[in-house]
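Chain and residue survey
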Amino acid sequence: KRKNDAVLGLATGSTPLAMYKILIERCETGDISFRNVKTFNLDEYVGLGENHPQSYRNYMQRHFFDFIDVLLRNTHVPDGGASDPTLVGPEYELRIKEAGGIDLQILGIGANGHIGFNEPSSSLSSRTRIKTLTPKTIQDNSRFFKKGEFQPHLAITMGIGTILEAKQIVLMACGRSKARAIAAAIEGSITAMVPATSLQLHPHAMLVLDRSAASELRLVDYYNFVRSEQEKLSEQYPH
């Protein structure tokens, strides 16, 4: 609402679905508009065209874009069906730059700590490129593909360096299956083996968790104390 021509970085998967639903409702009531917004999705499978039912372009249309007033030409998803997928990354980086950079990046997190499809060992300065998925990620995502259906083992993803250039970041995580990754991301050392630890380097990164996802954090009592103290400060200095 503060910036109606914002550039948004968007994520897929099950975690952001509730957020998209709320944004659709607010758009339908006229509370917000996406008419001047530009969007860039984090990633896409290599080998899936935009009309494939398991492509992330298809996901975004079915769950968000088809129900808001965003202009299709302002929505960007890496082209998984490109004749030469190695060229997609540099072109995507250029589009982001031409749009003025990403104002707000939405993230989920994998059980192994990946963000986007930046699997463990990804360079913390990496840019949009092709990544080979780990067997664990392939297994986790197999539920979206029918038995015998082609499931890609490669994806085009924004790099960690690309993600960290967003002005603000919000990572959302729900469920016990994400607890270990969240604990490592927040309380662990910064390492390429847990890509989400890179968010510790960002000046405006917020993590939104349910209690299950936060269940392995060691300093929960301290974080709750921090929140109470910040609320007191906000009351004292409301500006």
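A few points on the structure.

Criteria and cut-off values
Numbering of residues starts from 1 in every chain and runs along the sequence as written. Selection of residues for local features in this predicted model requires a pLDDT of at least 70, selection of side-chain atom pairs for listing and counting requires 80 or more, and totals for whole chains, interfaces and linings are taken over all residues. Calculated side-chain values reflect all of the structure's heavy atoms, with hydrogen atoms and water omitted. Each patch is built from salt-bridge-free residues with over 30% relative accessible area, joining like charges within 9 Å and nonpolar side chains (Val, Leu, Ile, Met, Phe, Trp, Tyr) within 5 Å. Methods summary: accessible areas were calculated by the Shrake-Rupley approach with a probe of 1.4 Å, and residue burial reflects only the protein chains presented. Put simply, a salt bridge is a Lys or Arg side-chain nitrogen that is within 4 Å of an Asp or Glu carboxyl oxygen. In this charge count, Lys and Arg are treated as positive and Asp and Glu as negative; neither His nor the chain ends contribute. Every charge is mapped to an atom, namely NZ of Lys, CZ of Arg, CG of Asp or CD of Glu. Secondary structure follows DSSP: runs of H or I at least 4 residues long count as helices, runs of E at least 2 residues long count as strands, and numbering of each begins at the N terminus. Exposure classes here rest on a 1.4 Å probe applied to the protein chains alone. A residue is buried below 20% of its type maximum, exposed above 50%, and partly exposed in between. How far a helix is expected to stretch is found by multiplying one less than its residue total by 1.5 Å. Here the arc refers to the set of directions running from the helix axis out to each C-beta atom. Residues count as neighbours in contact if any of their non-hydrogen atoms are within 4.5 Å of one another. Think of a polar contact as two N or O atoms within 3.5 Å of one another; within protein, one of them needs to be a possible hydrogen donor and the other a possible acceptor, and neighboring residues in sequence only count if both atoms come from side chains. Two aromatic rings from Phe, Tyr or Trp, using only the six-membered ring of Trp, form a pair when their centres are within 6.5 Å; if the ring planes differ by under 30 degrees the pair is stacked, by over 60 it is edge-to-face, and anything between is tilted. Strands are treated as partners if at least two bridges between them are detected by DSSP. A fitted line through C-alpha atoms represents every axis, and for helices the fit uses only the stretch in contact; the resulting angles, taken between N-to-C directions, go from 0 to 180 degrees.

To continue, consider a negative patch on the surface. On the surface, Glu50, Asp79, Asp84 and Glu91 cluster together to form a negatively charged patch. As for its position among the elements, Glu50 is in the loop between strand 3 (43–45) and helix 2 (56–63). Judged by its relative accessible area of 51%, Glu50 falls in the exposed class.

Let us now look at helix 1 (residues 17–28). Over its 12 residues, helix 1 extends 17 Å from the first C-alpha to the last, a length consistent with the 16 Å expected when each residue adds 1.5 Å. Along helix 1, the residues classified as buried are Met19, Tyr20, Ile24 and Cys27. Relative to the axis of helix 1, the buried residues are bounded by an arc of 135° and lie together on one face. On its buried side, helix 1 packs onto strand 1 (7–10), helix 2, strand 5 (104–107) and strand 8 (168–173).

Inspection of the secondary structure assignment puts His202 in the loop between helix 6 (179–187) and strand 9 (205–209). Polar side-chain contacts of His202 include one of 2.6 Å to the backbone oxygen of Ala166. Of the polar contacts made by the side chain of His202, one reaches the backbone nitrogen of His204; its length is 2.9 Å. Apart from residues lying up to four places away in sequence, His202 is in contact with Leu164, Ala166, Lys167, Gln168 and Ile169.

Turning our attention to the packing of aromatic side chains. Scanning all chains against the criterion turns up nine aromatic pairs. Summarising the aromatic geometry, the rings of Phe40 and Tyr92 are spaced 5.7 Å apart at their centres and angled 80° between planes, so their arrangement reads as edge-to-face. Separated by 52 residues along the polypeptide, Phe40 in strand 2 (residues 38–41) and Tyr92 in helix 3 (residues 88–98) bring together distant segments of the chain. Both residues of the pair, Phe40 and Tyr92, belong to the buried class. Aromatic pair Tyr45 and Phe145: ring centres 5.7 Å apart, planes at 75°, arrangement edge-to-face. Of this pair, Tyr45 sits in strand 3 while Phe145 is found in the loop between helix 4 (135–141) and strand 7 (154–157), placing the two residues 100 residues apart along the sequence. Among the aromatic residues, those joined into a cluster by ring pairs are Tyr20, Phe34, Phe64 and Phe65.

A contiguous nonpolar patch, built from Leu219, Tyr222 and Phe225 and spanning about 330 Å² of accessible area, is present on the exposed surface. For Tyr222, the location among the structural elements is in helix 7 (residues 220–236).

If you trace the three strands from one edge of the open sheet to the other, you get 3-7-6, paired in antiparallel fashion. The sheet is open, and its two edges are formed by strand 3 and strand 6 (129–132), each paired on a single side. Mean inter-strand twist for the sheet, computed between neighbouring axes without regard to direction, equals 30°. Examined bridge by bridge, strand 3 and strand 7 share three bridges and lie antiparallel to one another. Within strand 7, the position partnered with Glu44 by the bridge is Ile156.

For the rest of this paragraph, the subject is the pairing of strand 7. Sheet analysis places strand 6 next to strand 7, joined by four bridges and oriented antiparallel. Bridged to Ile130 within strand 7 is Ile156.

A word on the pairing of strand 2. Pairing between strand 1 and strand 2: four bridges, direction parallel. Bridging across to strand 2, Gly9 finds its partner in Phe40. One ladder, built from two bridges, connects strand 2 with strand 4 (residues 75–76); its direction is parallel. Looking across to strand 4, one finds that Phe40 is bridged to His76.

Here we take up the pattern of salt bridges. Inspection of the entire model under this criterion finds 11 salt bridges. Between Lys167 and Asp103 there is a salt bridge, and its shortest N-O distance comes to 3.5 Å. Of this pair, Lys167 sits in the loop between helix 5 (160–164) and strand 8 while Asp103 is found in the loop between helix 3 and strand 5, placing the two residues 64 residues apart along the sequence. By relative accessible area, Lys167 is classed as partly exposed at 41%. We classify Asp103 as buried; its relative accessible area is 12%. Residue Arg227 pairs with Glu231 through a salt bridge whose shortest N-O separation is 3.3 Å.

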